[in-house]
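Each chain is listed here by its residues.
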Amino acid sequence: MRITYACPACEATVSIDGVETMSSLVCPLCTAAVEVPRDAIGWSGPGGEPAEAGEGMPRLRRCLVCPSTELFTRKDFPQRLGVGIVVAGLAASCLTWAWRLLVPTFAILFGTALVDVVLYLLMPECLTCYRCAARYRGGGGPFGGFDLETHEKHRQQRIRLSERAAPGRPPASSVS
Ligand SMILES: [Zn+2]
Ligand SMILES: [Zn+2]
């Protein structure tokens, strides 16, 4: 399982492979370590049954970076690629439309939509933490799709925390 997260100490984006075998995540830039909670990762066999540690597929029970147990599943689909295909299809169909080729125009539009759908279905799923936005690839978990209400709850919480921290915040230089 691969994790991509923002280092809590230096805010750099860190990607680490094989987190299921690690006891802590170490930032390569500032060497700040995030302790991986022991109960955070479970294992399941091909049919979803519980498996021995190190066998089958790692299943995330909670976020490894923050204390949140709320994550959501979504397709790991590069948005730029999806938009690029649609734009290319539109450009091509404008040409065929200008040449009054009706059938190719609709074939191109339908084809690009189909390519987008097929690519979307083939893309693996990834997990994202609502609270700290850490992303996990190559693992499973008991998490559903994106929920706006949960997202809003965490967003409000972040705002409250930053407001509370703002007045008496210690200068950044005092953090070693
Ligand atoms: Zn760091
Ligand atoms: Zn998190």
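Which parts of the structure should I look at to understand the overall build of the protein chain?
Of the regular secondary structure elements, the protein chain holds three helices and nine strands. Across the protein chain, helices and strands are ordered from the amino to the carboxyl terminus as β-β-β-β-β-β-β-α-α-β-β-α. Scaling as 2.2 N^0.38, a compact globule of 176 residues should have a C-alpha radius of gyration of about 16 Å, whereas the protein chain reaches 22 Å, well beyond that. On the principal axes, the C-alpha backbone points of the protein chain span a range of 70 × 50 × 35 Å. Every one of the 176 residues in the protein chain was classed for burial, and the buried ones make up 15%. A sequence separation of at least 24 residues applies to 51% of the contacts in the protein chain between residues at least 6 apart.

In this structure, what is going on with unusual backbone geometry? I would like to understand it.
Within the chain, Glu11 stands out as a residue other than glycine whose phi angle is a positive 65°. Backbone geometry at Arg100 places phi at a positive 60°, although glycine is not the residue there. Its place among the elements puts Arg100 in the loop between helix H1 (79-98) and helix H2 (102-122).

Would you mind going over the packing of H1 against H2 with me for this structure?
For any two helices packed against each other, one specifies the crossing angle of their axes together with the interaxial distance. Contact pair H1 / H2: the axes reach a minimum separation of 8 Å and the direction vectors enclose 175°. Classified by the interaxial angle, the pair formed by H1 and H2 is roughly antiparallel. Packed against H1, whose contacting residues are Gly82, Ile85, Val86, Gly89, Ala92, Ser93, Thr96 and Trp97, the element H2 presents Pro104, Thr105, Ile108, Leu109, Thr112, Val115 and Asp116 at the interface. When the residues that make up the contact of H1 with H2 are grouped by side-chain class, the tally is eight nonpolar, six polar and one charged.

Quick question: what am I supposed to make of the nonpolar core here?
Soluble, globular proteins show a tendency: their nonpolar side chains are buried together. Among the nonpolar cores identified, the biggest contains 19 residues, and Ile3, Leu64, Val65, Leu71 and Ala134 are the most heavily contacted of them. Elements represented by at least two residues in this core include exactly strand S1 (2-6) and strand S8 (125-129). What Ile3 contacts, discounting residues up to four positions off in sequence, is Ile16, Val19, Leu25, Leu64, Ala134 and Tyr136.

When you look at the pairing of S1 in this model, what are you seeing that I'm missing?
A regular strand carries its side chains on alternate faces of the sheet. Only one face of S1 is covered, namely the face carrying Ile3 and Tyr5; the face carrying Arg2, Thr4 and Ala6 is uncovered. Summarising the sheet, S1 and strand S2 (residues 13-16) pair through four bridges and their orientation is antiparallel. The residue bridging Ile3 from the neighbouring strand is Ile16, located in S2.

Help me out: how do you make sense of the sheet that holds S1 in this one?
Strand pairs in the sheet, formed through backbone hydrogen bonds, run parallel or antiparallel to each other. With antiparallel pairing, five strands are arranged side by side in an open sheet as S2-S1-S9-S8-S7. Edge positions in the sheet fall to S2 and strand S7 (71-75), since each has one partner strand and no second. Along the sheet, successive strands turn relative to each other by an average axial angle of 20°, direction set aside.

Even after reading the chapter, I still don't get the environment of Cys126, so can you show me in this structure?
As for its position among the elements, Cys126 is in strand S8. Each C-alpha atom, one on Cys126 and one on Glu70, is 14 Å from the other, the two residues being 56 residues apart in sequence. If near-sequence neighbours (up to four positions away) are discounted, Cys126 is found in contact with Arg74, Asp76, Arg135, Tyr136 and Arg137.

Rules used throughout
- Residues numbered from 1 in each chain as written.
- Chains lettered and ligands numbered in written order.
- Predicted model: local features only at pLDDT ≥ 70, side-chain atom pairs only at ≥ 80, totals over all residues.
- Helix = DSSP H or I, 4+ residues; strand = E, 2+ residues; numbered from the N terminus.
- Rg over C-alpha atoms; globule rule 2.2 N^0.38 Å.
- Buried ≥ 20, exposed ≤ 12 C-beta atoms within 10 Å, placed from the backbone.
- Contact = placed C-beta atoms within 7 Å.
- Axes fitted to C-alpha atoms, helices over the stretch in contact; angles between N-to-C directions.
- Parallel < 35°, antiparallel > 145°, perpendicular 65-115°, else oblique.
- Nonpolar A, V, L, I, M, F, W, Y, C, P; charged D, E, K, R; others polar.
- Core = buried A, V, L, I, M, F, W, Y, C linked by C-beta atoms within 7 Å.
- Pairing = 2+ DSSP bridges.

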